[in-house]
Amino acid sequence: MSWKDMQSAIFARLGRSIAMVISFVAMFGITNNAIAQRTVERVGDYTLTSWSQSDDVPVHVEAMAQTADGWLWLASRSHLYRFDGVSSELYNVPNEDGTNLVRILATNSGDLWLGYVTGTTLVIHGGFFSRSVVVKGFVGQPIQFAQDGEGNVWGSSYNRLFEASQSTWQPVDEHRGILGSYFYAIALDTQKTFWVFTDQGLFSLDPGQKTFRQRTDITRGLDWKTLVNGDKSPAHVQAYAQIYFLSVLALAGRHIVPMYSSSRYFAGPGVSDLCWIALSTGTYKGRYLTAGELKKFANDLPGVMASNPADFAKIDSGASGMIFEDRQHNMWSGARGGLNRFRPSSVKTIDVPDGVTSFAMLPDKNGGIWFGNAVSVDLYRWWHVDKQVTASPGYDLDTTAAYRDTDGSILIGTGDGYIRRFDGMTFQPIDPLPPSAEKGDDIIAMVRDGEGRLWVAIRNHPIYVKRDGQWLENGGYKELPSLGLLRAVAGADGRLWLSYAHELFVIDGSHLQRYSQEAGMNVLNVRDIIPNGTPLIGGDSGLAAFDGHHFHDVSALDPAALTGITGMIREANGTLWINGLKGGVRIDADELKRGIADPNYKISVRIYGANEGMPGTAQMNRPVPTLIQGTDGRLWFATTQGIAWLDPAKAPTDNYAPVPAVRSMKVANSTFRPGAQVNLPAGSRAFEIDYTALGLSDPATARFRYQLAGIDSDWQDVGTRRQAFYTNVGPGTYRFRVAASNEDGVWSTSDASIRISIEPYFYQTKWFLALCFCLTLLVLWLAYMYRLNQVTRRLHQRLGERHAERNRIARDLHDTYIQAVQGLVLKVHAASFELPEGGTKDKIVRALNLADDVLIEGRKRVYALRTAAINSIDLAAAFEEIALGYEGDEYPSFKLTSTGMAKLTDPLVIDELYAGGREAIINAFSHSCAEVIRVDVDYAKRGIRVQISDNGNGIDPQVIVDGGRGGHWGLRGIRERMERIGGQCRFISDSHRGTTVILFVDASRAYVGRSPFR
């Protein structure tokens, strides 16, 4: 290689290193900003999370306890705090002498026992601080509190033992079998035996007994008396004694029941026969001591620990005053600067030399991996990971790509454009290289297609395929871009998948298919592809599935979990693993299927990040992929801070269901801790509710959903947000409910809820609304009555005018026409006297008699026009008066009945009913040839009904159909009158049974109420 080419290669490598370092720093900065202020680091097989005063956690934590509901209670000097794993809050408790709080016990009943340095003991029943009780009689500083199997509470100072009885501490001494002037430890084992360890030996109290017995059968041959020899400090003695105590009981097959309260000095039981030791030199994870070690350890605990470094691992250098195990088996220690939590790491790391980053990985045949690095200051190797990390001799190039060839060998691409074939022992160059390789740019991808042809991609150049011993640019496909390849993968079916920044190509034999945004390919910078089964692509902006024609985006409840994807593995059971911006991500097979099928569904994911021991996040840029699966099933992650592995078959699942809790409520400028019922004053239209989830393993990842019954129609899924905001809430009673899930998607078994009652203003009360409703009805009724009165007056006015007109017509007829006819008759009658008797005179006399009949009928008609005042017609009486004009043997008999009470009736209705009934009655008398005419008048609730019937010869049915005979207006007149007032008219006729006329007017039209304005 010429000097010019060497310069180009050197500068290319330097530029790549700088770019990758910048990417690393940017990603690391993003990661740290995304995490809360707490610090997280790996310590051996544990993840250490530390909280300080800047994280709203008190310093100088002296004691801890966890109640059954999940709250962690912290004692700091004279104050008591409540901690949910995210933030703490101060509780004001009675403390008359202002002394330091040094012990906390959480009992099985939910009570908190608080021990102060002066011996004062405060008991808070059930978490209600208003129900606190002072227990007197404790002498000295409480060192330990414990509860036995029967629920009795015990306490020990350095030189006394006490049992709580009602509201008093009772000293326990030799009268109950206890000997000793110095008390080291008290505890309850899983067989409900209560143990006390003093300077005189080990004592036990069996269930149901009142007297202790000394257990020399357990301590035989193990001399505890050396614990107090010499000038050791009380802290030193207490630490050694507790290790002795735990180890002796473990040797006897006895196991301590967790009290979920911290030990004052200085050791605590752990899981799997481990113990935790807190000394001034730091915190250690160790094991119980053997009998041989117990015989010599008292005077040389550091020597015993130093001689067994694998069994006593130092995991924290800070001085600690106590050890505590919570209900999820996390270990806690209090430090002067705050609080520490040790959680077993699911993710394990390997030791990679400092400064070595950007890894290309391949699995080996025995469960380990091979890897090379693309970035380092001066160390480039091809490494093998089995039980240790070893470098393969004969290779010192930067590795930018790696591919296992079909013959089992490994092809390694370098940053200088070289390709080496590694057979497990030696590295052989590949020759000839693609033309662009000579320019010293990175080899970024190598793959063989279904026909066995090797494809090689070089940064800033096209991809090449080796065909017939020659390198062909872009495989001969003009549609392929000339640069910018990100990932090249071959599927089991032989198809080749090539991804670029905004598009993806699939080569199947000689066919090339391009996919872009038109086909739903919305993922930017696809950096890994799973081509088999349902194809999946992952990149900077997300995850998508391919159905053979179209891509479907997959959404998550935590959107960031599906971003920055640079590696993917799908297990045989369908579980998908991702290495991305948030670290390792697991998606269960059923969730993935539902997310692909339903574009609106947001899948739940399990994140393996810093809290699980993952070192950093997925390495960005190249090499890719950053996630591979070994032949033993382990998953290997290349991250910004090294290489880590996870065994999915052994990854622990947190089955602890978090306990949701409402922390506080803010209304206007007031913040308070709500009880089960919250009563808010009138006008409280907006409030804020803070809630949390009690689960101490990884509380920051808890997800929440809540509902305010009466406002929200369904649950509101709000992710990790811990506040609910409501505005424009009206008066009434509401129920707020919140549920939570942990990092493994286990939901709480019950909801936390509070009832919120908002008092209404007087104008928002039901009685006020009812009053307004009644007043509205009253106003409407008054308006109706006013309008009805107006209409009634108009009707009266119109009817009065009508009757006046009728009277005028009647008067005019009487004074003109009838009088003129009468005069004419009289003149003709006078003239008839001059005629001789005989035929002509007789005819004239008969005509005069007929004229008299006409005059009589005319007078009757005029009389009818002037009958009755419009408001005083009694239909029955009026109809009977009509019948009086037809008395005699030549007329039918007349019968009339009236039922119901005559009511105030619309005058127009009465007038028309009378006119129609009169017409029917006269027709019956005149034309029916009946023997009986019957009239029935019924004033019913539903209306007025008039029925006129006879048993005469009836009416021709065709006449009824036609509405009357030609030139006669009787039937038509009756129908028109009834239609005018909205009534009904029926004619029923039969030649054998006579005729029935029924007139009916509905009550709403017939009857008139009295108006208050009349």
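Just so it is clear, the structure is predicted and the values come from calculations on it, not from any experiment.

**Observations regarding the overall build of the chain**
Then, number 1: Tallying secondary structure elements over the chain gives 13 helices and 68 strands in all.
Then, number 2: Scored against the burial criterion, the 1014 residues of the chain give a buried share of 51%.
Then, number 3: Taking as baseline every contact in the chain between residues at least 6 positions apart, the subset at least 24 positions apart corresponds to 55%.
Then, number 4: Carbon and sulfur atoms form 52% of the exposed surface of the chain, whose accessible area is close to 47,400 Å².

**Points about a nonpolar patch on the surface**
Then, number 1: Together, Tyr761, Phe762, Tyr763, Trp767, Leu771, Leu775, Leu778, Trp781, Leu782 and Tyr784 make up a nonpolar patch on the protein surface, roughly 1,100 Å² of accessible area in all.
Then, number 2: Within the secondary structure layout, Phe762 lies in the loop between β63 (752-758) and α7 (766-832).

**Regarding the environment of Leu635**
Then, number 1: Looking at where Leu635 falls in the secondary structure, it is placed in strand β53 (residues 635-639).
Then, number 2: Separated by 12 residues in the primary sequence, Leu635 and Asp647 place their C-alpha atoms 6.2 Å from one another.
Then, number 3: For Leu635, the residues in contact, after removing those within four places along its chain, are Ile569, Trp577, Leu627, Ile628, Gln629, Ala644, Trp645, Leu646 and Pro648.

**Topic: the sheet that holds strand β46 (residues 551-556)**
Then, number 1: Taking strand neighbours across the sheet as the criterion, the five strands line up as β43-β44-β45-β46-β50 in an open arrangement whose pairing is mixed. The two strands at the open ends of the sheet, each matched to only one other strand, are β43 (526-530) and β50 (602-603).
Then, number 2: Here two bridges tie β46 to β50, and the two strands are oriented parallel to one another. Directly across from Ser555, in β50, lies its bridge partner Lys602.

**A few points about the nonpolar core**
Then, number 1: Grouped together as the largest cluster of nonpolar side chains are 36 residues, with contacts concentrated most on Leu875, Phe879, Leu913 and Ile944.
Then, number 2: Of all elements in the fold, only α9 (875-884), α10 (907-927), β65 (932-940), β66 (943-950), α11 (957-962), α12 (970-980), β68 (994-1002) and α13 (1003-1006) reach the threshold of two or more residues within this core.
Then, number 3: When residues in this core are grouped by element, the largest group, 10 residues, is from α10.
Then, number 4: Filtering out sequence-adjacent residues up to four positions away, Leu913 remains in contact with Leu875, Phe879, Ile944, Met978, Leu999 and Val1001.
Then, number 5: Judged by nonpolar contacts, the second largest core, of 31 residues, contains Ile430, Ile443, Met446 and Ala457.

**Overview of the pairing of strand β16 (residues 194-198)**
Two faces make up the sheet, and in a regular strand the side chains alternate between them.
Then, number 1: In terms of burial, β16 is largely enclosed, as five of its five residues are buried.
Then, number 2: The alternating pattern of β16 places Phe194, Val196 and Thr198 on one face and Trp195 and Phe197 on the opposite face, and all of these are buried.
Then, number 3: Sheet topology places strand β15 (residues 183-188) next to β16; five bridges connect them, and they run antiparallel. Counterpart to Phe183 in the pairing with β16 is Thr198.
Then, number 4: Adjacent in sequence and paired antiparallel, β15 and β16 are bridged by five residues, among which Lys192 carries a positive phi angle near 65°.
Then, number 5: Relative to strand β17 (residues 201-205), β16 is paired through five bridges, and the arrangement is antiparallel. Directly across from Val196, in β17, lies its bridge partner Phe203.
Then, number 6: Where β16 folds back onto β17 in an antiparallel hairpin, the turn is made up of two residues.

**Things to note about the packing of aromatic side chains**
Then, number 1: Tallied over the full model, the rule gives 45 aromatic pairs.
Then, number 2: Arranged with centres 5.3 Å apart and planes meeting at 45°, the rings of Tyr182 and Tyr184 form a pair that is tilted.
Then, number 3: Where Phe422 meets Phe427, the ring centres are 4.4 Å apart and the plane angle is 20°; that geometry is what we call stacked.
Then, number 4: The exposure class assigned to Phe422 is buried, which follows from its relative accessible area of 2%.
Then, number 5: Chaining the aromatic ring pairs together yields one cluster made of Tyr158, Tyr182, Tyr184, Phe197, Tyr244 and Phe245.
Then, number 6: Sitting above the plane of the Tyr418 ring, Arg420 keeps its charged end 5.2 Å from the centroid.
Then, number 7: Above the ring of Trp645, the side-chain terminus of Arg634 is found at 4.6 Å from the ring centroid.

**Looking at the sheet that holds strand β11 (residues 144-147)**
Then, number 1: Strand order in the open sheet formed by four strands is β11-β12-β13-β14, and the pairing between neighbours is antiparallel. Two strands in the sheet have a free side with no partner beyond their single neighbour: β11 and β14 (168-172). With strand direction ignored, the average angle separating the axes of adjacent strands in the sheet is 30°.
Then, number 2: Bridge count between strand β12 (residues 153-156) and strand β13 (residues 161-165): three bridges; the pairing is antiparallel. Residue pairing for β13: Ser156 is matched across the bridge by Leu161.

**A look at the side chain of Ser247**
Then, number 1: As for its placement among the helices and strands, Ser247 is situated in helix α3 (residues 234-251).
Then, number 2: Taking relative accessible area as the criterion, Ser247 reaches 0% and is therefore assigned buried.
Then, number 3: Those residues in contact with Ser247 that lie beyond four places of it in its chain are Tyr288, Leu289 and Leu294.

**Points about α9**
Then, number 1: Within the span of α9, buried status applies to Leu875, Ala876, Ala878, Phe879, Ile882 and Ala883. Along the long axis of α9, the arc covered by the buried residues comes to 165°, so they all point the same way.
Then, number 2: Lining the buried residues of α9 we find β64 (893-899), α10, β65 and β66.

**A short note on helix α6 (residues 589-597)**
Then, number 1: Taken together, the buried positions of α6 are Ala589, Glu591, Leu592 and Gly595. One face of α6 carries all of its buried residues, which in axial projection span an arc of 160°. The exposed residues of α6 that point more than 90 degrees off its buried face are Asp590, Lys593 and Ala597.
Then, number 2: On its buried side, α6 packs onto β44 (536-539), β45 (542-546), β46, β48 (576-580), β49 (583-587) and β50.

**With respect to the packing of α9 against α10**
How two helices sit against one another is set out by the angle between their axes and by the gap between those axes.
Then, number 1: Following both chains from N to C, one finds α9 and α10 inclined at 30°, their axes separated by 10 Å at the closest point. Compared by their axis directions, α9 and α10 come out roughly parallel. For the pair α9 and α10, the crossing hand works out as right-handed. The segment α9 lies against α10, with Leu875, Ala878, Phe879, Ile882 and Ala883 engaging Ile910, Leu913, Tyr914, Gly917, Arg918, Ile921, Ile922 and Phe925.
Then, number 2: Here the contact of α9 with α10 is composed, by residue class, of 11 nonpolar, one polar and one charged.

**As for the environment of Gly119**
Then, number 1: Secondary-structure assignment places Gly119 in the loop between β8 (112-116) and β9 (121-124).
Then, number 2: What makes Gly119 buried here is its relative accessible area of 5%.
Then, number 3: In this structure Gly119 touches Phe138, Gly140 and Pro142, once residues within four positions along its chain are discounted.

**Observations concerning the packing of α10 against α12**
Then, number 1: At a closest axis distance of 9 Å, the pairing of α10 and α12 adopts a crossing angle of 160°. When the axes of α10 and α12 are compared, the pair comes out roughly antiparallel. The handedness of the crossing between α10 and α12 comes out as left-handed. Here Glu912, Leu913, Ala915, Gly916, Glu919, Ala920 and Asn923 of α10 lie close against α12, whose contacting residues are Gly970, Ile974, Arg977, Met978 and Arg980.

**Some details on unusual backbone geometry**
Then, number 1: Of note, the amide linkage connecting Asp431 to Pro432 takes the cis form, showing an omega dihedral of 0°.
Then, number 2: Note on placement: Pro432 falls in the loop between β34 (427-429) and β35 (443-448).
Then, number 3: Omega for the peptide link from Arg622 to Pro623 comes to -5°, which places this bond in the cis form.
Then, number 4: For Pro623, the location among the structural elements is in the loop between β51 (606-608) and β52 (627-629).
Then, number 5: Of note, Tyr260 is a non-glycine position whose phi angle comes to about 55°, a positive value.
Then, number 6: In this fold, Tyr260 is placed in the loop between α3 and β19 (267-269).

Rules used throughout
Residues numbered from 1 in each chain as written. Predicted model: local features only at pLDDT ≥ 70, side-chain atom pairs only at ≥ 80, totals over all residues. Heavy atoms only, no water. Helix = DSSP H or I, 4+ residues; strand = E, 2+ residues; numbered from the N terminus. Buried < 20%, exposed > 50% of the residue type's maximum accessible area, 1.4 Å probe, protein only. Contact = heavy atoms within 4.5 Å. Areas by Shrake-Rupley, 256 points an atom, 1.4 Å probe, with all protein chains shown as cover. Patch = residues over 30% accessible without salt bridge, like charges linked within 9 Å, V, L, I, M, F, W, Y side chains within 5 Å. Salt bridge = Lys/Arg side-chain N within 4 Å of Asp/Glu carboxyl O. Pairing = 2+ DSSP bridges. Core = buried A, V, L, I, M, F, W, Y, C linked by side-chain atoms within 4.5 Å. Phe/Tyr/Trp six-rings, centres within 6.5 Å; stacked < 30°, edge-to-face > 60°. Lys NZ or Arg CZ within 6 Å of the ring centre and 35° of its normal. Axes fitted to C-alpha atoms, helices over the stretch in contact; angles between N-to-C directions. Arc of directions from axis to C-beta. Parallel < 35°, antiparallel > 145°, perpendicular 65-115°, else oblique. Left-handed = near helix turned anticlockwise from the far one by under 90°. Nonpolar A, V, L, I, M, F, W, Y, C, P; charged D, E, K, R; others polar.

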